[in-house]
Amino acid sequence: MDRLTAMTAFVRCVERGSFSAVAREMNMTQPTVSKLVAALEKRLAGKLFARSARRLALTAEGHHLYERCGTIIDAVDNAEASFKTGREEIAGILRVATSVGFGRTQVMSRMRAFMRRYPLLRIDLLLNDRFVDLVEEGVDVAFRIGELKESGLIARRIGTTFRVTAGAAAYFRLNGEPSTPEDLSAHNCILYTGLATANDWPYSRGGRDRSVRVAGNFQSNSSEAVRAATLSGIGVALSPIWLFGDDIRAKRLKVVLTDYQPKPLPIHAVSPANRRYSAKVNAFVEFFKTEFDRDPFVSGYRG
């Protein structure tokens, strides 16, 4: 038995939650992956998985081995990379997930700089506006915007999404501009259904919070569709600054209700609880936290 291959198969089975998914990933058959894990169990004289469960569940011994094996595999990847370059390196595959809009505006615009810093890392980026099960999809780290609802995630807050109320100049010429949040009742509001509070827009002024109920004839679970609808003049949107940053700079959109601060949303980097917080995940999170800290269109709009 190739112990390193068996350890790699075991670790990925833990992280993907599926022998068949790992078989596809490692270009093997499912029986081959099963045999590798079984051979590892035989060598160690102990069970790694409780196979009676609906999903692969680690035994106590399996959890202990997973932590050790993960460290070993990362060390091997880094050692090979460091040997080739003659300096300390971070290497391996990093699978990242985020929404389409955030990926386009905030992740891809910085990806080249990150990859130049860590040239031996291979990035697998998953862009999707639907909810992504991190374990099922084998994701190492994901960006989540808004209050976290899932339990069992390792989360680190890396920024804050401030929001603006904006619309196209052509829309405001036809419909006028709202002066207070309550004026939005007379406007066609574009709703983002990715948030539970899609048609309740929260504002604050002078320490006083208020929430206004809005309505409109267009809604979407895609931030990119919300942006396109706003640019086309369909209506008014309440969206993160980063989604409209370039459009605000180019004066394609106008920000209104500037005296009323919409409730900001946290940005977290999250990983599954059963996933080791490796050097490559840490490097990725630290890089993007530093980037977000100094970007006004992520950390706060200054006009």
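Right above here is the structure, for reference.
Rules and cut-offs
- Residues numbered from 1 in each chain as written.
- Predicted model: local features only at pLDDT ≥ 70, side-chain atom pairs only at ≥ 80, totals over all residues.
- Heavy atoms only, no water.
- Pairing = 2+ DSSP bridges.
- Helix = DSSP H or I, 4+ residues; strand = E, 2+ residues; numbered from the N terminus.
- Core = buried A, V, L, I, M, F, W, Y, C linked by side-chain atoms within 4.5 Å.
- Buried < 20%, exposed > 50% of the residue type's maximum accessible area, 1.4 Å probe, protein only.
- Contact = heavy atoms within 4.5 Å.
- Expected span 1.5 Å × (residues − 1).
- Axes fitted to C-alpha atoms, helices over the stretch in contact; angles between N-to-C directions.
- Bend = angle between axes of the 7 residues up to and from the residue.
- Phe/Tyr/Trp six-rings, centres within 6.5 Å; stacked < 30°, edge-to-face > 60°.

Glancing now at the sheet that holds strand β9 (residues 200-205). One open sheet accounts for three strands, arranged β10-β9-β14; its pairing is antiparallel. The open sheet terminates on both sides in strands that have one partner only, identified here as β10 (208-213) and β14 (261-262). Bridging between β9 and β10 involves six bridges; their strand directions are antiparallel. Opposite S204, over in β10, you have D209 as the bridge partner.

The next subject is the nonpolar core. Of all hydrophobic cores here, the largest spans 36 residues; its most connected members are V141, F143, F244 and F284. Examining the composition of this core, we find that seven residues originate from one element, helix α9 (residues 279-293), more than from any other. The contacts of F143, once residues within four sequence positions are left out, are V96, A97, T98, F102, V107, I158, H268, F284, F288 and F292.

The next point concerns the side chain of T230. Position of T230 among the secondary structure elements: in helix α7 (residues 223-231). Ignoring sequence-local partners within four residues, the contact set of T230 consists of A166, G167, A168, I190, G235, A237, F244 and L253.

Turning next to α9. Helix length check: α9 (15 residues) gives 21 Å between terminal C-alpha atoms against 21 Å at 1.5 Å per residue, within 8%. Taken as a whole, α9 has its buried residues at K280, V281, A283, F284, V285, F287, F288, E291 and F292.

Attention shifts here to the sheet that holds strand β6 (residues 153-161). Taking strand neighbours across the sheet as the criterion, the five strands line up as β4-β3-β5-β15-β6 in an open arrangement whose pairing is mixed. Strands with a single pairing partner mark the edges of an open sheet, and in this sheet they are β4 (121-127) and β6. With strand direction ignored, the average angle separating the axes of adjacent strands in the sheet is 20°. Both strand β3 (residues 92-98) and β4 contribute to a ladder of seven bridges, which runs parallel. For L94, the partnering residue across the bridge sits in β4 and is I123.

Below, the discussion takes up helix α5 (residues 100-117). For α5, spanning 18 residues, the distance from its first C-alpha to its last is 24 Å, which sits close to the expected 26 Å at 1.5 Å a residue. At V107, α5 is deflected by roughly 45°, the largest bend along its length. When α5 is considered as a whole, its buried residues turn out to be G101, F102, G103, T105, Q106, V107, R110, M111 and F114.

Our focus in this paragraph is the packing of aromatic side chains. Under the criterion given, the structure shown has 16 aromatic pairs. A ring pair is formed by F102 and W242, whose centres lie 5.0 Å apart and whose planes are at 80°; its orientation type is edge-to-face. With a gap of 140 residues between them, F102 in helix α5 and W242 in helix α8 (residues 241-249) connect regions that are remote in the sequence. Across this residue pair, the class does not change: F102 and W242 are buried. With centroids separated by 5.6 Å and ring planes inclined at 70°, the aromatic side chains of Y171 and F172 adopt a geometry described as edge-to-face. Through a chain of ring-to-ring contacts, three or more aromatic side chains come together here, namely F102, F114, Y118, F143, W242, F284, F287, F288 and F292.

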